[in-house]
Amino acid sequence: MAGVNSCPHLILVSDLDFTMVDHHDSENLSLLKFNALWEANYRHNSLLVFSTGRSPTIYKQLRKEKPLLSPDITVMSVGTEIAYGRSMVPDNDWVESLNKNWDRKMVIEETRKFPELIPQVVQSEADQRPHKVSFYIEKDKAEEVMKALSENLEKRGGGIALDVLPQGAGKGQALAYLLQRLKTKGKVPNNTLVCGDSGNDAELFSVREVYGVVVSNAQEELLQWYDENAKNNPKIIHSTERCAAGIIQAIGLFSLGPNTSPRDVLCFSDCQPDDVNPGYEIVKFYLFYERWKRAEIQDTDDPCTEYLKVDFHPDGVIVHPSGLERSLHGCINALRSCYGDNRGRKFRVWLDGISTAQMSSDTWIVKFDKWEASGDEWHCSITTVVLSSKGGNVSDGFTWRHVHQTWLEGWGMKDHSNWLI
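Here we summarise the structure given alongside this text. Residues take numbers from 1 onward in each chain, read along the sequence in its written order. At least 70 in pLDDT is required for a residue's local features to be given in this predicted model, at least 80 for side-chain atom pairs to be given and counted, and no such filter applies to totals for whole chains, interfaces and linings, which use all residues. Excluding hydrogens and water, the side-chain values take into account all heavy atoms of the structure.

Turning our attention to the overall build of the protein. Counting secondary structure elements, the protein contains 10 helices and 17 strands. The classification of residues rests on relative accessible area computed with a 1.4 Å probe and restricted to protein chains. Under 20% of the type maximum is buried, over 50% is exposed, and intermediate values are partly exposed. Split into buried and exposed, the 421 residues of the protein put 52% on the buried side. Per element, the accessible surface of the protein, about 19,600 Å² overall, is 48% carbon and sulfur. Put simply, DSSP marks the helices as runs of H or I at least four residues long and the strands as runs of E at least two long, and each gets a number from the N terminus on. Note on areas: Shrake-Rupley, 1.4 Å probe, and residue coverage restricted to the protein chains presented here.

Moving on: the packing of aromatic side chains. Any two rings among Phe, Tyr and Trp, with Trp reduced to its six-membered ring, count as a pair given centres within 6.5 Å; such a pair is stacked if its planes are under 30 degrees apart, edge-to-face if over 60, and tilted if neither. One pass over the full model with this rule turns up 22 aromatic pairs. Judged by centre distance (5.9 Å) and plane angle (75°), the rings of Trp371 and Trp378 are edge-to-face. Each member of the pair, Trp371 together with Trp378, is buried. An aromatic cluster is defined as three or more aromatic residues linked by ring pairs; in this entry it consists of Phe285, Tyr286, Tyr289, Phe312, Phe347, Phe368 and Trp400. For Lys235, the ring lying beneath its charged end belongs to Tyr211, and the centroid distance is 4.7 Å. When the NZ atom of lysine or the CZ atom of arginine is within 6 Å of a ring's centre and also within 35 degrees of its normal, the charge is said to sit over that ring. Here Lys370 stacks its cationic end above the ring of Trp419, 3.8 Å away from the centre of that ring.

Moving on, we get to the sheet that holds strand β16 (residues 377-389). Pairing between sheet strands relies on hydrogen bonds along the backbone, with the strands arranged either parallel or antiparallel. Two strands pair under a simple rule: DSSP has to find at least two bridges between them. Here we have 6 strands laid out as an open sheet, ordered β13-β12-β17-β16-β15-β14, and mixed in their pairing. Every other strand in the sheet has two partners, leaving β13 (325-327) and β14 (347-360) as the edge strands with one partner each. Neighbour to neighbour, the strand axes of the sheet diverge by 20° on average, direction disregarded. Note that β14 and strand β15 (residues 363-374) share 11 bridges and pair antiparallel. Among the inter-strand pairings, Val349 is bridged to a residue of β15, identified as Glu372. For every element, the axis is a line fit to its C-alpha atoms; helices are fit only across the contacting stretch, and the angle between N-to-C directions ranges from 0 to 180 degrees.

Looking now at the pattern of salt bridges. By definition, a salt bridge exists where a carboxyl oxygen of Asp or Glu is found within 4 Å of a side-chain nitrogen of Lys or Arg. For the structure shown, the criterion picks out 17 salt bridges. Between Arg86 and Asp352 there is a salt bridge, with its nearest N and O atoms 3.7 Å apart. The exposure class of Arg86 is partly exposed, given its relative accessible area of 48%. Here Asp352 falls in the buried class, since its relative accessible area comes to 2%. When the shortest N-O distance is used, the salt bridge between Lys171 and Asp201 registers 2.6 Å. Taken together, the residues span a long stretch of sequence, with Lys171 in helix α6 (residues 171-184) and Asp201 in the loop between β9 (191-196) and β10 (211-214) at a distance of 30 residues.

It is worth spelling out the nonpolar core at this point. For soluble globular proteins, nonpolar side chains are generally found buried alongside one another. In this description, a nonpolar core means a group of buried Ala, Val, Leu, Ile, Met, Phe, Trp, Tyr and Cys residues linked to one another through side-chain atoms lying within 4.5 Å. The biggest cluster of nonpolar side chains holds 35 residues, and the ones touching the most others in it are Ile282, Tyr286, Tyr289, Leu335, Phe368, Trp400 and Ile421. Mapped onto this core, the elements with two or more residues apiece are α1 (29-41), α9 (278-293), β12 (312-319), α10 (328-336), β14, β15, β16 and β17 (398-407). Broken down by element, the residue count for this core peaks at 9 residues, all from α9. Leu16, Leu62, Met76 and Val213 belong to the second largest nonpolar core, which has 31 residues in total.

Our next topic: the pairing of β9. Among the 6 residues in β9, 5 count as buried, and that is most of the element. Inspection of the sheet shows strand β1 (residues 10-14) paired to β9 by 5 bridges, in the parallel sense. Of the residues in β9, the one forming a bridge with Leu10 is Asn191. One ladder, built from 4 bridges, connects β9 with β10; its direction is parallel. Bridge pairing in β10 links Gly196 to Val214.

Where helix α7 (residues 220-229) is concerned, the buried positions are Leu222, Trp225 and Tyr226. Looking straight down α7, one finds that the buried residues subtend no more than 100° of arc, so they occupy a single side. Exposed and facing more than 90 degrees away from the buried side of α7 are Glu220 and Glu228. Residues of α7 that are buried sit in contact with β9, β10 and β11 (236-238). The arc in question is the one traced by the directions running from the helix axis out to the C-beta atoms. Throughout, a contact is declared for two residues whenever any of their heavy atoms are within 4.5 Å.

To continue, consider the environment of Leu37. Within the secondary structure layout, Leu37 lies in helix α1. Excluding residues that lie within four positions of it along the chain, Leu37 makes contacts with Tyr42, Ile248, Ile251, Pro258, Asn259, Thr260, Ser261 and Pro262.

Turning to the sheet that holds strand β4 (residues 81-84), a few remarks are in order. Pairing within the open sheet is mixed, and its 8 strands lie in the order β5-β4-β3-β2-β1-β9-β10-β11. The open sheet terminates on both sides in strands that have one partner only, identified here as β5 (89-90) and β11.

Another point: unusual backbone geometry. Phi at Asn28 is positive, roughly 60°, even though this residue is not glycine. Residue placement: Asn28 occurs in the loop between β1 and α1. Although it is not a glycine, Cys243 sits at a positive phi angle of roughly 45°. Mapped onto the elements of the fold, Cys243 is located in helix α8 (residues 243-253).

What follows deals with the packing of α1 against α8. With their axes 8 Å apart at the nearest point, α1 and α8 run at an angle of 40° to one another. As judged from the angle between their axes, α1 and α8 are oblique. Across from Ser30, Leu31, Lys33, Phe34 and Leu37 in α1, the residues of α8 making contact are Ala244, Ala245, Ile247, Ile248 and Ile251. Its residues placed into classes, the contact of α1 with α8 shows 8 nonpolar, 1 polar and 1 charged. When describing relative orientation, an angle under 35 degrees is termed roughly parallel and one over 145 degrees roughly antiparallel, while 65 to 115 degrees is termed roughly perpendicular and anything else oblique. Side-chain classes are defined by residue name, with Ala, Val, Leu, Ile, Met, Phe, Trp, Tyr, Cys and Pro counting as nonpolar, Asp, Glu, Lys and Arg as charged, and the others, Gly among them, as polar.

Only protein atoms enter the 1 Å grid used here. Points where a 1.4 Å probe fits but cannot escape make up a cavity, open sets with protein on both sides within 12 Å along at least five of seven lines make up a pocket, and a residue lines them when an atom lies within 4 Å of a point. Grid points are joined across faces, edges and corners, and a volume is the space filled by probe spheres set on the points. Quantified by volume, the largest cavity comes out at close to 100 Å³. Going through the elements one at a time, α1, α9 and β14 are the ones with two or more residues in the lining of the largest cavity. The dominant element in the lining of the largest cavity, judged by the number of residues it contributes, is α1, at 4 residues. Looking at the lining of the largest cavity, its residues break down into 8 nonpolar, 1 polar and 2 charged.

Shown next, in the form of structure tokens:
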């Protein structure tokens, strides 16, 4: 299973559409705040799980449209497909367990008896998955049809969307399966937080010993479930914030760990995290880089510009994605001259998949994908940074010794001069 090598500090399980992703937030600010929080404080010791009704095809499409992090585990098609890591390696044991309770041909035969059920062909045939058959049905007809269909299937072994799944499938069952797998590997998480906004997320909150957040913008069916089943449960809350902001709120209310996103820190010199780690150092530098180019901080010598003076090693080198080498000090000098060159533009920087390896008592190799978005154009480099602690103590900060970048395939820039570091 992908992720940490010991017991995870936190497993965060989130639905995507209108839970992690706010489709009404054109700037993606709440999602970017979550990204910075996770990469700086949780990526090194926790697991991120996306649990979505989307099929693999339309999940991958969403990743091209929104600045989503790469999860450790992806649960798709309403809990009927589980995949691990960036390469999305399928869980064949889960597939086999679902096959025992599933006859897709029989399901299609039975659903054809109900003219009220309209196959969701709009989503394309790719979304009708091996263990999920989806329909659209008028809301006022849903309860009666679902009851009759369930009885028929049992005998043989506005509007809303209806998914027909195998017995034992669903988001809650998939999560229970994953938690059991972790338990058998001796990696029981310290805490698990589940997050959702719609009816197919309800069973996530029924998994034993989890914390849960129903985001403020949740749909009526989940709010009704919450009022009837969880309103008095102190481990499940209805947040006052939308989408990813509600997830961050829940992390704080349940005291699951740091809940201040680095994006909400105006001056890093006044905010030192309890757990200093190389990932946090990387995140805060690139946030400074974004703010500098957007002219969101003053071009002065006040404490907030100290990151122009980060102790880059005097002999440090950066290998640019173009293949050219330059000194790190030269890169910082170039940064001084591009202050505000993205003022007023939709320019954002985010990091994904930070992984850290300690090479010696005071040296770390940090790898990650560094993304830049300017308007509708996205670019990404696979980045490796070598850091050393100052004075042998991480609490004193880090020195950047080497940076190496290569373009992520398909996401390079034609004009390499527009990519600084």
